[in-house]
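A structural walkthrough
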Amino acid sequence: MESTRQHILERIADGPISGPDLANELNISRAAIWKHVDALRAEGIEIESGPHGYVLATIPEYGGPAVALQIPGEFGVEYADSLPSTNDRARELAQGGAEEMVVLANEQPAGRGRLGREWVGPPGGIYLSILVRPNLATVDVPILTIAAGVAVAEALEGLGFEPAIKWPNDVLIDDKKVAGILTEMEGEADRVDWVIVGIGLNANVDSDSLPEGATSLCVGRENPVDRREVVHTILRSFNRYRNDPVATVTAWRERSATLGRSVRVETPRETITGRAVDIEHPGTLLLETTSGIKRVHAGDCEHLRDDCSA
Ligand code: BT5
């Protein structure tokens, strides 16, 4: 949402505040304020005009204005009912020079996983791409994926779930995948220009519409989850962890579904089997193998039954 409009919505939410006071504060005309208020109403936000000024009555459950209101941090928000891929849209915005933003959609018909795989995105899910411009070297960017995994897990814990994180980027509930993360970036070796952390979370989606091995927050729950609240919690945690790699790795370890397990990891060069013993900055998995400790920076990890260890 445009930043003036977002500011007006924030002030009305803290209101009541009169049109003239808003106009003075923002140094724009009263007519401009009316236009913004009309536009907010057109987006489904109920704003009443009381004796002391504008008052926020209700906001829609989800959508651009709902997410923008009291959003943690300094993110701009772009929301659409349907986007082929929020990561693709965020990339366009990044290439156009956008600063830190979140892009969201209610459904995502052409969502992408890693290595060209598909991410199934029926309506009701959370499809969130966080565009950041961190002061990081390219090799350190994976820490942001790890931070996002922890942020999603914390948001789910807040809802009463017991999530676990499978290295590097899957969030599981009862051993089934509920969220995945796709991180993309552009930049030079010593400094990235932008990073997009794309999070897909099966929130209010019917698990029948998901691939095998997937689950949704709907399963066994009567009421839909409040996606605005979940997105805010994710952003709050992500903001806390993104500049604190030590806390990120510690929080990841505490929630790991992978550490202590026998795993098989397919990397671009080889397949390694071993016991996952730790992760270290910026998200490197340490495997104890028959030929000693191996460090794995990226790959697909399969948890093996513990009785067929390396
Ligand atoms: C991921 O890839 O898990 C990263 C997914 C990232 C999706 C987000 S949504 C917002 C943003 N915009 C995008 O276009 N993408 C990001 P990977 O580790 O490669 O896992 C992909 C595999 O997960 C697929 O091959 C399926 O087996 C499985 N899968 C697909 N859709 C799923 C879903 N909705 N829930 C659980 N598993 C799914």
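Numbering of residues starts from 1 in every chain and runs along the sequence as written. Reporting in this predicted model follows two pLDDT cut-offs: at least 70 for local features of residues, and 80 or more for side-chain atom pairs to be given and counted; totals over whole chains, interfaces and linings ignore these cut-offs and use all residues. Note that the side-chain values use all heavy atoms of the structure and ignore hydrogens as well as water.

**Here's the deal with the overall build of the chain**
Under the scheme used here, helices are H or I runs from DSSP no shorter than 4 residues and strands are E runs no shorter than 2 residues, and both carry numbers assigned from the N terminus. Counting secondary structure elements, the chain contains 8 helices and 16 strands. In terms of overall dimensions, the chain has a C-alpha envelope of 75 × 45 × 30 Å along the principal axes. Out of the 310 residues in the chain, the part that is buried amounts to 49%. In the chain, 62% of the contacts between residues at least 6 apart in sequence involve partners at least 24 apart. Mean positive and mean negative side-chain charge positions of the chain (30 and 48 charges, respectively) differ by 3 Å. We call a residue buried when its accessible area falls under 20% of the maximum for its residue type, exposed when it is over 50%, and partly exposed in between, using a 1.4 Å probe and counting protein chains only. Any two residues whose heavy atoms approach within 4.5 Å at even a single point are treated as in contact. The positive count covers Lys and Arg only, the negative count covers Asp and Glu only, and His and the chain ends enter neither. Taken as the charge centre is NZ of Lys, CZ of Arg, CG of Asp or CD of Glu, depending on the residue.

**Description of the pairing of strand 10 (residues 176-187)**
Examined bridge by bridge, strand 9 (residues 170-173) and strand 10 share 3 bridges and lie antiparallel to one another. Residue pairing across strands places Ile173 opposite Lys176, the latter belonging to strand 10. Any two strands between which DSSP finds at least two bridges are classified as paired. Hairpin connection of strand 9 to strand 10: 2 residues between the antiparallel strands, including Asp174 at a positive phi of 50°. Here strand 10 runs beside strand 11 (residues 192-201); their pairing, made up of 9 bridges, is antiparallel. Note that in strand 11 the partner of Ile181 across the bridge is Ile199. Between strand 10 and strand 11, which pair antiparallel in sequence order, lie 4 residues.

**Description of unusual backbone geometry**
Looking along the chain, the bond that leaves Trp167 and enters Pro168 is cis, with omega of -5°. For Pro168, the location among the structural elements is in the loop between strand 8 (164-166) and strand 9. A cis geometry characterises the amide bond from His281 onward to Pro282, with omega recorded as 0°. Inspection of the secondary structure assignment puts Pro282 in the loop between strand 13 (271-280) and strand 14 (284-289). Despite not being glycine, Gln70 shows a phi value in the positive range, around 55°. By the element assignment, Gln70 lies in the loop between helix 4 (64-68) and strand 3 (76-82).

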